[in-house]
Structures are given as structure tokens and as C-alpha cells.
Amino acid sequence: MDWMLFWTAFGAVGGTLGALATAGAVIVALWQTKYAYKKKLKVIFNDKGGVFTTFGDKLFEFVSMTITNVGNREIVIERWGFDLDDGSEMLILSDVPNSEISVYLQEALRSKLPYSLAIEQQVTFYYQKELFIKAVSECCEKGNLLKNKPIVFFAKDSTGKKYCCKTVKNACDYIKR
């Protein structure tokens, strides 16, 4: 056996394995860098919100969507609403259009868009439940929303990326109310 040939072959195999390990380490390092700066939001829809007036004589019901930034980058929320079955979107304006609600309460419930959401922060957008039910009812009548399916809510950021969540109830459950 030629020992010189053996050690040359052994060195070549070792060099090849070392090069492959280095390439794998570079790929993992690049992936980790990209993953660390990924945008990620947690979106939760709630249909059971309510506020009493100052004297407690009237209850205003709201639906809301809470958006939490669980990623490692600041995100600018441009709009929110729900998807229609024809591929279009029903945008919701985060305003409280009710003259019976005090100005203070209107300001407390309003979140102006676009909204800059810092890391590990959350924002809640409110919409009057009565107006939400009316919008769902009209969309179902026009065939833009299927009654037997949950409603898909979304928030869109400044780059157009969509973050979604589904309602627990079907659209018809909101109309029957």
C-alpha cells in the first residue's frame, strides 16, 4: 500500500467535507439574519365589546380587531377590514360616527391610520357593531359574502402585506342577531 496516496486521498476527502460544512454554516447564518428581521403580526377579532355612556344609561356595542407586533421590526398599519368572497375587500374606517357618544369617548376609541406599531406593542381598532352587522348583511344580500362561512378580517401594512384572522361565527350568525 502506498501511504502517500492514502494520505493525499484522506486529505482530499477531509477538505471536501470541511468545504461543505462551511457552506452549510454560511447558509444557516444568512437564514438566521433574514429570519431575525421578519415582520410578524398577531391579529385577533372580537365581537363582544361595549361601552356605557358617562351616566351608564346607554350601551354602545363594538367589534374590534387587536393587532400585536410580535416580530422584530416596526410595522405601519395602513388599513383594516374584511375580505369578500369575490376577492375584493371591505375597508373599515376607524372612526366612531355617532353623535350620542361623547367627544372624549370618540377619541379614546379612535386609532388614526396609518398607525405605526412598534416592536412588542399592540393597537385595537373599533367599529360600531350595528354598522358592522349592516355591512355584513348588505354584503350577503349582494352575494359578496357567503353566509355559511366565517368572515376573514385583515390588516395591511405599508408594504401591502396582509395579516389575517377568521371570526369564530359564520356571517349568518351576525345577521340573525
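That block above? That's the structure.
Report on the accompanying structure. Nothing here was measured: the structure is a model prediction, and the numbers come from that model.

How each quantity is defined
- Residues numbered from 1 in each chain as written.
- Predicted model: local features only at pLDDT ≥ 70, side-chain atom pairs only at ≥ 80, totals over all residues.
- Heavy atoms only, no water.
- Helix = DSSP H or I, 4+ residues; strand = E, 2+ residues; numbered from the N terminus.
- Buried < 20%, exposed > 50% of the residue type's maximum accessible area, 1.4 Å probe, protein only.
- Contact = heavy atoms within 4.5 Å.
- Areas by Shrake-Rupley, 256 points an atom, 1.4 Å probe, with all protein chains shown as cover.
- Polar contact = N/O pair within 3.5 Å; in protein donor to acceptor, adjacent residues only side chain to side chain.
- Patch = residues over 30% accessible without salt bridge, like charges linked within 9 Å, V, L, I, M, F, W, Y side chains within 5 Å.
- Salt bridge = Lys/Arg side-chain N within 4 Å of Asp/Glu carboxyl O.
- Core = buried A, V, L, I, M, F, W, Y, C linked by side-chain atoms within 4.5 Å.
- Pairing = 2+ DSSP bridges.
- Phe/Tyr/Trp six-rings, centres within 6.5 Å; stacked < 30°, edge-to-face > 60°.
- Lys NZ or Arg CZ within 6 Å of the ring centre and 35° of its normal.

1. A look at the overall build of the protein
Within the protein one finds 4 helices and 8 strands. Start at the N end of the protein and walk to the C end: the helices and strands fall as α-β-β-β-β-α-β-β-α-β-β-α. Going through the 177 residues of the protein one by one, you find that 34% of them count as buried. Summarising the internal contacts of the protein: among those between residues at least 6 apart in sequence, 65% fall at separations of at least 24. As displayed, the protein offers around 11,500 Å² of accessible surface, 58% of which is attributable to carbon and sulfur atoms.

2. Notes on the side chain of Asp 83
In this fold, Asp 83 is placed in strand E3 (residues 75-83). Of note is the side chain of Asp 83, whose polar atom sits 2.7 Å from the side chain of Lys 162.

3. Remarks on a nonpolar patch on the surface
Residues Met 1, Trp 3, Phe 6, Trp 7 and Phe 10 make up a contiguous nonpolar surface patch of roughly 660 Å² in combined accessible area. Relative to the helices and strands, Phe 6 is located in helix H1 (residues 3-36). Exposure remark for Phe 6: the relative accessible area of 32% places this residue in the partly exposed category.

4. Thoughts on the nonpolar core
Core analysis: the biggest nonpolar cluster contains 30 residues, and Ile 67, Phe 82, Phe 132, Leu 145, Ile 151 and Phe 153 have the highest contact counts within it. Going through the elements one at a time, strand E1 (41-52), strand E2 (59-69), E3, strand E6 (122-128), helix H3 (129-142), strand E7 (150-157), strand E8 (162-170) and helix H4 (171-175) are the ones with two or more residues in this core. Among the elements that make up this core, the one with the highest residue count is H3 (6 residues). The residues touching Phe 82, leaving out its near neighbours within four places in the chain, are Glu 89, Met 90, Ile 92, Phe 132, Ala 135, Val 136, Cys 139, Leu 145, Ile 151, Val 152, Phe 153 and Phe 154.

5. Here's the deal with the pairing of E6
Regular strands place side chains that alternate from one sheet face to the opposite one. Most of E6 is tucked away: 5 of the 7 residues are buried. Inspection of the sheet shows E2 paired to E6 by 7 bridges, in the antiparallel sense. Pairing of Phe 62 across the sheet is with Gln 128, part of E6.

6. A look at the pairing of E8
Direction of pairing for E7 relative to E8: antiparallel, over a ladder of 6 bridges. Across the sheet, the residue bridging to Val 152 is Lys 166, located in E8. Between the end of E7 and the start of E8, which pair antiparallel, lie 4 residues, with Gly 160 showing a positive phi angle near 90°.

7. Re the packing of aromatic side chains
In the structure shown here, the tally under the stated rule is 14 aromatic pairs. When the ring of Trp 7 is compared with that of Phe 10, the centres are 5.6 Å apart and the planes differ by 85°; the resulting orientation is edge-to-face. Placement of the pair is Trp 7 and Phe 10 together in helix H1, with a separation of 3 residues, close to one helical turn. Accessibility expressed as a relative area gives 52% for Phe 10, which makes it exposed. With centroids separated by 5.8 Å and ring planes inclined at 20°, the aromatic side chains of Trp 80 and Phe 125 adopt a geometry described as stacked. Linking Trp 80 in strand E3 with Phe 125 in strand E6, this pair joins segments that are 45 residues apart in sequence. Ring pairing ties together the aromatic residues Phe 45, Trp 80, Phe 82, Tyr 115, Phe 125, Phe 132, Phe 153 and Tyr 174, which thus form one cluster. For Lys 162, the ring lying beneath its charged end belongs to Phe 154, and the centroid distance is 4.9 Å.

8. What about the pattern of salt bridges?
Within this structure, the stated rule accounts for 6 salt bridges. Where Lys 156 meets Glu 89, a salt bridge forms, and the shortest distance between an N and an O atom there is 2.9 Å. One end of the pair, Lys 156, is in strand E7; the other, Glu 89, is in strand E4 (residues 89-91), and 67 residues separate them in sequence. A relative accessible area of 27% means that Glu 89 is categorised as partly exposed. The closest approach of N and O atoms between Glu 89 and Lys 162, which form a salt bridge, is 3.2 Å. You can see Glu 89 sitting in strand E4 and its partner Lys 162 sitting in strand E8, a full 73 residues away along the chain. Of the residues examined, Lys 162 reaches a relative accessible area of 33% and is grouped as partly exposed. It is possible to trace a salt-bridge network through shared partners that takes in Asp 83, Glu 89, Lys 156 and Lys 162.

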